[in-house]
Amino acid sequence: MEVSPAATPAAHGCPSPGTQAVPGRETPADDTVVEATPTAPPPAGDRTGIDAERLGRLLGDPGLAWLVDRVRQRMAHGRPLTGSVTLSGPDASQRGAAERLLGRAPRAGGSLSVRLDTVDAVLRRSGVSPDGLAAAVVALTGPVPLRAEKRDREERAWEEAYAPLGTLDAELIPWAERIRADGLVRRLARAPEAAGPLVEDAVRTLRALPVSPPTSRATFAARNLSDSHALDEGTPLATLVLSGLRSLTGFPDGAGAQWRREAWASAGLLKDDLSSTVLTLNLRGTPPLDWMADAGEPTVLTLRSLTRDTSVAAVPATGTVHICENPAVLSAAADAFGPACPPLVCLQGQPSAAALTLLRGLSARGAGLLYHGDFDWGGVRIATALGRGVPWRPWRYTATYYRAAAARVAGAPGLTGPPAVTPWDPDLAVALAECGVRIEEEAVLDDLLADLGPGRA
């Protein structure tokens, strides 16, 4: 209900001096929405006429905290102090405070309405605040910053926080633009004050990647960020860096702990040097490798063993190492040819840090690498990721071989997932899209084994 003023302002019927203002914050929405120019606080010199003691007793009454808060909200949004504001379910103290301010008891009802222009007039006529309600609220509670100005300051602060992204290499510019657009940094940091150091650390980290030879995340973080736990799982920095390094290495989308470990490993950052492994057959060069090659049995090499000076695989006499995607191929080759099978390396999916370390070493010493994988979109992504780490040539992994296999393999499943490029043979991507079927390595196993037979490799 609206409260009207009495003939004489209620400044004469006030509670005892000393009552302090306690602005409230639990406020329902105003019932009046008016667009107007911003209401700026009056200069300090214009507030000298305010009677601070009487203002504290009147507008500073705790029962009017809700009213003061509503006025501040309107001022912050640049709206005029006119129309009514309403409080639902007022208590006795709030009704009493309104009566003392306006000189008349509010009407009974389930809500309390007060006209702001009426309060303004009361404050002016009584001499409590000659410049009216806005000046009184500023004198009582402090300056009211306009929301537009605050937003501008915040946006400038965010721009400063993003500034380090401008120092990234060209290959990471699309990622930098994406995280600005999708709000990842804002979600992780919440405020520009926290975002600045986060972005700076992420940029410092990404500029140091990829790491070769691979190292543990803790060691890398201690060396580059002065904190061995800076890239621990679940930290904002780890989340941001993981997003960036995937753009750096081309590691595909995924989820789960194993996927995250492999994504970190794609940039040379490892949980440890034992969990990253690679499956091989008939590599030689060290006593353990020679012993297993003599038996013609597959061998699992750890990253730890591959980074020790005493564990260097020798380049085969033929100068060639074959690479496959699936363990079934390596197992079948071991069964068919045993010690006579030429050296074979199996990726078992995305190339691990151990696999990349092994193949880089062989390539650096002059070995030629021949690769075959599944004919599907996931398979060509694995091949592309391998190509970013080491040079290789296709082993029956071209459009010609795919079309021939698609024509003779009955009941091949359809392709799934988004298409991918095939830079080693652009026609392969075209053929995959046209034929639309998936040809796994097991379906062409006889062809692959024929290439590995005695006298062929």
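Moving on to the pattern of salt bridges. Counting across every chain of the model gives 18 salt bridges. A salt bridge links Glu 200 to Arg 204; the nearest nitrogen and oxygen atoms lie 3.6 Å apart. Separated by 4 residues within a single helix, Glu 200 and Arg 204 lie in helix α9 (residues 192-207), roughly one turn from each other. Judged by relative accessible area, which is 41%, Glu 200 ranks as partly exposed. Judged by relative accessible area, Arg 204 falls into the partly exposed class, the value being 35%. Salt-bridge contacts for Arg 217 lead to Glu 233; the nearest nitrogen and oxygen are separated by 3.3 Å. Taken together, the positions of Arg 217 in helix α10 (residues 217-225) and Glu 233 in the loop between α10 and α11 (236-249) put the pair 16 residues apart, joining distant regions of the chain.

This part takes up the packing of α9 against α11. At a closest axis distance of 9 Å, the pairing of α9 and α11 adopts a crossing angle of 40°. Overall, the two elements α9 and α11 adopt an arrangement that is oblique. Taken as a pair, α9 and α11 cross one another with a handedness that is right-handed. Side by side, α9 and α11 meet where Leu 198, Val 199, Asp 201, Ala 202, Thr 205 and Leu 206 of the first sit next to Pro 236, Leu 237, Leu 240, Val 241, Gly 244, Leu 245 and Leu 248 of the second. Of the residues contributing to the contact of α9 with α11, the split by class is 10 nonpolar, 2 polar and 1 charged.

A few words on the sheet that holds strand β10 (residues 368-371). Taken in spatial order, the 6 strands line up as β7-β6-β9-β8-β10-β11 in an open sheet, and their pairing is mixed. Looking at the sheet topology across the chains shown, the edges are occupied by β7 (298-302) and β11 (393-394). Of the strand pairs in this sheet, strand β8 (residues 320-324) and strand β9 (residues 344-346) are connected by 3 bridges, and their pairing is parallel. Bridged to Ile 323 within β9 is Val 345.

Right, let's get into the packing of aromatic side chains. The full count for this structure, using the stated rule, is 7 aromatic pairs. Joined through ring pairs, the aromatic side chains of Tyr 371, Phe 375, Trp 392, Tyr 397, Tyr 402 and Trp 424 make up one cluster. Looking at Arg 186, its charged tip hangs above the ring of Trp 158, at a distance of 4.4 Å from the centre.

Procedures and definitions
Residues numbered from 1 in each chain as written. Predicted model: local features only at pLDDT ≥ 70, side-chain atom pairs only at ≥ 80, totals over all residues. Heavy atoms only, no water. Salt bridge = Lys/Arg side-chain N within 4 Å of Asp/Glu carboxyl O. Helix = DSSP H or I, 4+ residues; strand = E, 2+ residues; numbered from the N terminus. Buried < 20%, exposed > 50% of the residue type's maximum accessible area, 1.4 Å probe, protein only. Axes fitted to C-alpha atoms, helices over the stretch in contact; angles between N-to-C directions. Parallel < 35°, antiparallel > 145°, perpendicular 65-115°, else oblique. Left-handed = near helix turned anticlockwise from the far one by under 90°. Contact = heavy atoms within 4.5 Å. Nonpolar A, V, L, I, M, F, W, Y, C, P; charged D, E, K, R; others polar. Pairing = 2+ DSSP bridges. Phe/Tyr/Trp six-rings, centres within 6.5 Å; stacked < 30°, edge-to-face > 60°. Lys NZ or Arg CZ within 6 Å of the ring centre and 35° of its normal.

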